[in-house]
Amino acid sequence: MSQAGNLLRTLEKEDLRILMGIELGMKKSEYVTIRDIRFYSRYPLNETLYRLKKVHKFGLIIRNSAELEVGYQINSIGYDVLALHTLVERNVIGQLGPIIGKGKESDVYSCMDDDENIYALKIYRMGRRSFKHVKKLRNIIGKRSHLSWLYVNRLAAKKEYEALKEIYKLGLKTPKPIGYNRHIIVMEYLRGKELVYYKDIENPVYLFNEIIFQIREIYKKANLIHGDLGEFNIVSDEEGNILIIDWLQSIPNDHPNALKILTRDIQNVCNYFGNKYRVDCDTQEILQSFLDKE
Ligand SMILES: Nc1ncnc2c1ncn2[C@@H]1O[C@H](COP(=O)(O)OP(=O)(O)O)[C@@H](O)[C@H]1O
Ligand SMILES: [Mg+2]
């Protein structure tokens, strides 16, 4: 990833256009022929070949000569380059920082805009092996015969970004969405760590209530259920601020399994605070407060 960041300075706009040509072609097929790359990039043959050779040397594409016609595929660094380039162009970010977290399906970096505001930059890395996560996205994907990892990661970023936007409107302390492109989202950063990494916290009851309050507001007003809530997806800092992250698998309230998933979310939080901090909590009672009309 930092590799992609450094390459941005070296690459010319023609190189990026070739990469975009391959990206477009990958909507239709796994490998894109030179003819198709020319079609999408609108470059003559010699320019196309020159650029292909260059981006191949930089390690941004994969060449497949096993078929009748040679084909190219963009790799994950190439895709990072395109997304970062767009985010820089749009002034969403100016600089990439160090890695701050690794999730089940993503890497998270810190980054900075030109005014030196620091954000978290989440980059989706679902590969062929973790396509089981795609189940979460089934309703959006539909019945596609050719499903590229590019598309899956792009879809994941879009879904999470849109959930963050809906939630942010409620004025709770949830990560402010800053921008997204392709498989990358940029959001507010909380300097802290996940609950699971705290040996002890000062005010467990306060934190517990705050978490329940937030997810209840989100349930009632944004009609969303987190779906993977637990000590791994709640970041907290020393001052007791919390940030519920990781909204990829969120589902709407009218989902057929909504009640089951909501109960599990609440149960997870109750178990954690109950076992570790002896916080008194009754899952059923809390659940009822979600369902009450008021
Ligand atoms: N907005 C953020 N602020 C601070 N740290 C974050 C933020 N978003 C993610 N992280 C860090 O990155 C890790 C992975 O992010 P997460 O959204 O949970 O990814 P995944 O969906 O892959 O589990 C988190 O556990 C956390 O340490
Ligand atoms: Mg996570």
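Residues numbered from 1 in each chain as written. Chains lettered and ligands numbered in written order. Predicted model: local features only at pLDDT ≥ 70, side-chain atom pairs only at ≥ 80, totals over all residues. Heavy atoms only, no water.

Side note on the nonpolar core
Counting 47 residues, the largest nonpolar core has Phe208, Ile211, Ile266, Phe273 and Phe290 as the members making the most contacts within it. Within the residue set of this core, elements represented by two or more residues are β6 (118-124), α7 (149-168), β8 (184-188), α8 (204-221), β10 (224-225), β12 (242-244), α9 (258-277) and α10 (283-291). The element best represented in this core is α9, accounting for nine residues. The residues contacting Phe273, other than those within four sequence positions of it, are Leu195, Ile201, Pro204, Leu207, Phe208, Ile211, Arg278 and Val279. Of all hydrophobic cores here, the second largest spans 35 residues; its members include Leu16, Ile18, Ala83 and Cys111. (Core = buried A, V, L, I, M, F, W, Y, C linked by side-chain atoms within 4.5 Å. Buried < 20%, exposed > 50% of the residue type's maximum accessible area, 1.4 Å probe, protein only. Helix = DSSP H or I, 4+ residues; strand = E, 2+ residues; numbered from the N terminus. Contact = heavy atoms within 4.5 Å.)

Some thoughts on the site of ligand 1
Within the structure, ligand 1 sits among 19 residues, and Ser106, Lys122, Glu188, Glu194 and Asp246 are positioned closest to it. Glu105 places a main-chain nitrogen or oxygen 3.0 Å from an oxygen atom of ligand 1. For ligand 1, a nitrogen atom lies 2.8 Å from a polar atom in the backbone of Glu188. Summarising the interface, the protein chains cover 95% of the accessible area of ligand 1, which totals 550 Å² for the free molecule. Because more than half of its atoms lie within 2 Å of the grid, ligand 1 is assigned to the second largest pocket. Looking at the shell around ligand 1, the elements that each hand over two or more residues are β4 (95-102), β5 (106-112), β6 and β8. (Near = heavy atom within 4 Å. Polar contact = N/O pair within 3.5 Å; in protein donor to acceptor, adjacent residues only side chain to side chain. Areas by Shrake-Rupley, 256 points an atom, 1.4 Å probe, with all protein chains shown as cover. 1 Å grid on protein atoms, 1.4 Å probe; cavity = no way out; pocket = protein on both sides within 12 Å on 5 of 7 lines; lining within 4 Å. Sits in = over half its atoms within 2 Å of the grid points.)

Focus: the environment of Thr86
Relative to the assigned elements, Thr86 resides in helix α5 (residues 76-89). Among the residues examined, Thr86 registers a relative accessible area of 15% and is labelled buried. Taking the C-alpha atoms as reference points, Thr86 and Asn181, 95 residues apart in sequence, are found 7.0 Å from one another. Here Thr86 is in contact with Asn181 and Arg182, once residues within four sequence places are set aside. From its side chain, Thr86 meets the backbone oxygen of Leu82 in a polar contact 3.0 Å long. At 3.1 Å, the side chain of Thr86 and the side chain of Arg182 are in polar contact.

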